[in-house]
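Chain residues, written in single-letter form:
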Number of protein chains: 2
Amino acid sequence: MPATDVSTLAAPADATVAQVGERGALARILPRLPVGASTIVGPGDDAAVVRADGAFVVTTDTMLEGPDFRAAWSTWRDLGAKAVATNLADVAAMGARPTALVVALAVPGATPVADLESFADGLAEAVQVLAPGCGVVGGDLTTSERAVIAVTAFGSLDGRRPVLRSGAQAGDVVVVAGDLGSAGEGIALLFAHAIVDGVEDAESARALRREHPRALEAQLAPVPPIGLGTVLADAGATAMLDVSDALALDASRIAAASGVRIALRSAPLRGFAAPLEHVLHGGEDHALLATLPEDAELPEGVLVIGVVEDGAGVTLDGEPLPDRGWDPFAT
Amino acid sequence: MPATDVSTLAAPADATVAQVGERGALARILPRLPVGASTIVGPGDDAAVVRADGAFVVTTDTMLEGPDFRAAWSTWRDLGAKAVATNLADVAAMGARPTALVVALAVPGATPVADLESFADGLAEAVQVLAPGCGVVGGDLTTSERAVIAVTAFGSLDGRRPVLRSGAQAGDVVVVAGDLGSAGEGIALLFAHAIVDGVEDAESARALRREHPRALEAQLAPVPPIGLGTVLADAGATAMLDVSDALALDASRIAAASGVRIALRSAPLRGFAAPLEHVLHGGEDHALLATLPEDAELPEGVLVIGVVEDGAGVTLDGEPLPDRGWDPFAT
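Reading the values: the criteria
- Residues numbered from 1 in each chain as written.
- Chains lettered and ligands numbered in written order.
- Predicted model: local features only at pLDDT ≥ 70, side-chain atom pairs only at ≥ 80, totals over all residues.
- Heavy atoms only, no water.
- UniProt positions renumbered as here; feature names shortened; annotations may be inferred.
- Helix = DSSP H or I, 4+ residues; strand = E, 2+ residues; numbered from the N terminus.
- Polar contact = N/O pair within 3.5 Å; in protein donor to acceptor, adjacent residues only side chain to side chain.
- Contact = heavy atoms within 4.5 Å.
- Salt bridge = Lys/Arg side-chain N within 4 Å of Asp/Glu carboxyl O.
- Nonpolar A, V, L, I, M, F, W, Y, C, P; charged D, E, K, R; others polar.
- Phe/Tyr/Trp six-rings, centres within 6.5 Å; stacked < 30°, edge-to-face > 60°.
- Buried < 20%, exposed > 50% of the residue type's maximum accessible area, 1.4 Å probe, protein only.
- Pairing = 2+ DSSP bridges.

The name given to chain A in an unreviewed UniProt entry is Thiamine-monophosphate kinase, and the organism recorded there is Agrococcus versicolor. The Pathway (unreviewed entry) comment attached to chain A in UniProt states, word for word, "Cofactor biosynthesis; thiamine diphosphate biosynthesis; thiamine diphosphate from thiamine phosphate: step 1/1." Its UniProt record gives chain A a comment under Function (unreviewed entry), which states: "Catalyzes the ATP-dependent phosphorylation of thiamine-monophosphate (TMP) to form thiamine-pyrophosphate (TPP), the active form of vitamin B1."

J.: Is there a simple way to think about the side chain of Asp46(A) in this case?
T.: Topologically, Asp46(A) is positioned in the loop between strand S1 (39-41) and strand S2 (48-64). A polar atom in the side chain of Asp46(A) sits 3.1 Å from the side chain of Arg165(B). Within polar-contact distance, the side chain of Asp46(A) engages the backbone nitrogen of Asp242(B) at 2.9 Å. With residues up to four places along the chain from it excluded, the contact list for Asp46(A) reads Thr59(B), Asp90(B), Ala93(B), Met94(B), Arg165(B), Met240(B), Leu241(B) and Asp242(B).

J.: Explain the interface of chain B and chain A here, please?
T.: By convention, interface size is frequently given as the accessible area that disappears when the constituent parts associate. Taken together, the 73 residues of chain B in the interface contact 73 residues of chain A. Across the contact surface, chain B and chain A share 6 salt bridges. With a shortest N-O distance of 3.1 Å, Asp46(A) and Arg165(B) are connected by a salt bridge. The tally of links between chain B and chain A comes to 19 residue pairs in polar contact (both at pLDDT 80 or more). Sorting the residues of the side of chain B that touches chain A by element identifies helix H1 (17-29), strand S1 (39-41), strand S2 (48-64), strand S3 (97-107), strand S4 (135-143), strand S5 (148-156), strand S9 (239-243) and helix H8 (247-258) of chain B as the ones contributing at least two each. Considering each element in turn, the side of chain B that touches chain A owes the most residues, 16 residues, to S2(B). Class assignment of the residues belonging to the side of chain B that touches chain A gives a composition of 40 nonpolar, 15 polar and 18 charged.

J.: Is there a simple way to explain unusual backbone geometry in this structure?
T.: Note: most peptide bonds trans; most residues except glycine with negative phi. Residues and elements named next belong to chain B. A positive phi angle, close to 55°, is found at Asp197, a residue other than glycine. Tracing the backbone shows Asp197 in the loop between strand S7 (195-196) and strand S8 (199-200). With a phi close to 60°, His286 is a non-glycine residue in the positive phi region. With respect to the helices and strands, His286 occurs in the loop between helix H10 (276-281) and strand S11 (287-292).

J.: Mind showing me how you'd approach the packing of aromatic side chains here?
T.: Geometrically, a pair of aromatic rings is defined through the distance of the ring centres and the angle of the planes. With the rule as written, the count across this model stands at 10 aromatic pairs over all chains. Residues Trp73(A) and Phe191(A) carry aromatic rings whose centres are separated by 5.3 Å and whose planes lie at 85° to one another, so their mutual orientation is edge-to-face. In this pair, Trp73(A) sits in the loop between S2 and helix H2 (76-92) while Phe191(A) sits in helix H4 (residues 182-193), placing the two residues 118 residues apart along the sequence. Here Trp73(A) falls in the buried class, since its relative accessible area comes to 5%. Look at Trp76(B) and Phe119(B): their rings are 5.9 Å apart centre to centre, the planes differ by 90°, and that puts the pair in the edge-to-face class.

J.: In this structure, what is going on with the UniProt feature "binding site: substrate" (unreviewed entry) in chain A? I would like to understand it.
T.: UniProt's feature table lists "binding site: substrate" (unreviewed entry) at Asp68(A), Glu284(A) and Trp326(A), given in the numbering used throughout. In this fold, Asp68(A) is placed in the loop between S2 and H2. With near-sequence residues (within four places) excluded, Asp68(A) lies in contact with Thr62(A), Met63(A) and Thr142(B).

J.: Looking at this structure, how should I read the pairing of strand S13 (residues 313-316) of chain A?
T.: Looking down a regular strand, the side chains alternate between one sheet face and the other. All names here are of chain A. The pairing of strand S10 (residues 261-264) with S13 spans 4 bridges and is parallel. In the strand pairing of S13, Ile262 is matched with Val314. In the sheet, S13 pairs with strand S14 (residues 319-320) via 2 bridges, with the strands oriented antiparallel. Within S14, the residue paired with Leu316 across the bridge is Glu319. The turn joining S13 and S14, which pair antiparallel and follow one another in sequence, is formed by 2 residues; a positive phi near 50° is taken by Asp317.

What follows is the structure, encoded as structure tokens:
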């Protein structure tokens, strides 16, 4: 296995990662990534070193071609953006400020390096929009028959206590920050209209995206309200999570962890652009769902959707709401 | 997609992850994992929270079925052990003490939960042996046609400066801690003797492991000297990395990053049990390669294998040594 010749760094723009090798590909990707204000040692050594004030928040999430995304529907730029959004939403949901990411990527050797550059641009743009100051401090690039994207994200609590799922109390209000339902509507549209002869079709997906930008963008390149994580924590959030699997299912997780009932009202939920079924049971919104004391001053950008009661489970207008949502092994 | 019924937690021992669902599988895996002495919030929330004294060290590495391991050759316990060893070696190579891991795992739905329990036991045992006090603080479990293991590991510098690849100085001695060559010998043996009719064969691999335990264990379940990372840092290491791709290639990385020549001697390298070709060009040893000032007091367990000189590249007994090693895209 000969080592990569540095002359390949000057390979043509349409070179594949197999042609330029791991080091050649990294040489083209790394300069596109944000350094980050908390980075002490960035990519290139055995490990990175990141500033932390007594503790750090960490979450990890894997996106696989097939179960988690389709190459015909998502651009590489989308994948970069979504990998950042989904992971930073978990950091935000602890009441933390995102500081850093590491990104492990496995792709077929025939992948053009230009695709990885687009992926890096998607990462960089999402970081710029969602969490300026956050950096990509390291990663891993290897081969795979189908693409695998494994991101781990870090945050700083800046002296705050982490906001867990278990702190909701009867009498609290239930709020959501960000959109609900559009991502689920988007995936439903793609399955309905972007499969041709049983195969995911890129052209149909592009047409659908022009026709239904809200739902498709929410599914393919979501923009969750990351900055509201620390704002909700400072407003006194007693419990918080990001709605990754569906409002009904994720609300049931707060209910179970806190030993309370989450009583949702349909009226505010009908204000979302997506149909109520997707608002309740669609996944991948990555909105922040939080509970706060009744007398808390609610920050701008949050919507009250219910109250916390003594009891268990989740209700909608007083009726039990089934906790239907996303389980990767239940399809 | 119905949510997992908690009654499935009492599923039979031979249940698959598809049968018990993500939550059911996690309920059986998580109790087997070490909590860790630095863990403030462990698995189960949106993110974990880990203690850190001003900074944390972070590294990530992905193992894919196919390019990185073969299901017929590695047991699930091996995979857990190797995932820990490879990542903690990167933490140790910065001069840091491992504090935590997150583990993202993707497996086919037909995988028995018992296999994941074995994987968890492999993780736990390796942590116990290599870095007691380190914890598994979070992860991700999802579906994939072929298994994917993505681990991110963390360490504390405990006030030390990180040991980079770039600090080697002419006059330093070059040392190695841990074995060299056995892992490369092991993979060569497996390719030579554990493929039957073009397919990796589990029974042949087991027989080979009984016959060549040193080489096969080093390849399948390595035990690098993690604890010597902080010891070498305290002894004054000027540069350090873990030998993951091959001594020749990894030494060339220190040479390039530091702007020096690494002059190796063959005599001490011939003392390793594996043939010199594997010692020089085999990968996956995860030994620690370090440079220290000439007058440093060398800790027990390290072997002097050369000196740092003015110049560039790597030599063996004065002759240029080609930087052959492992590049995932160059096969």
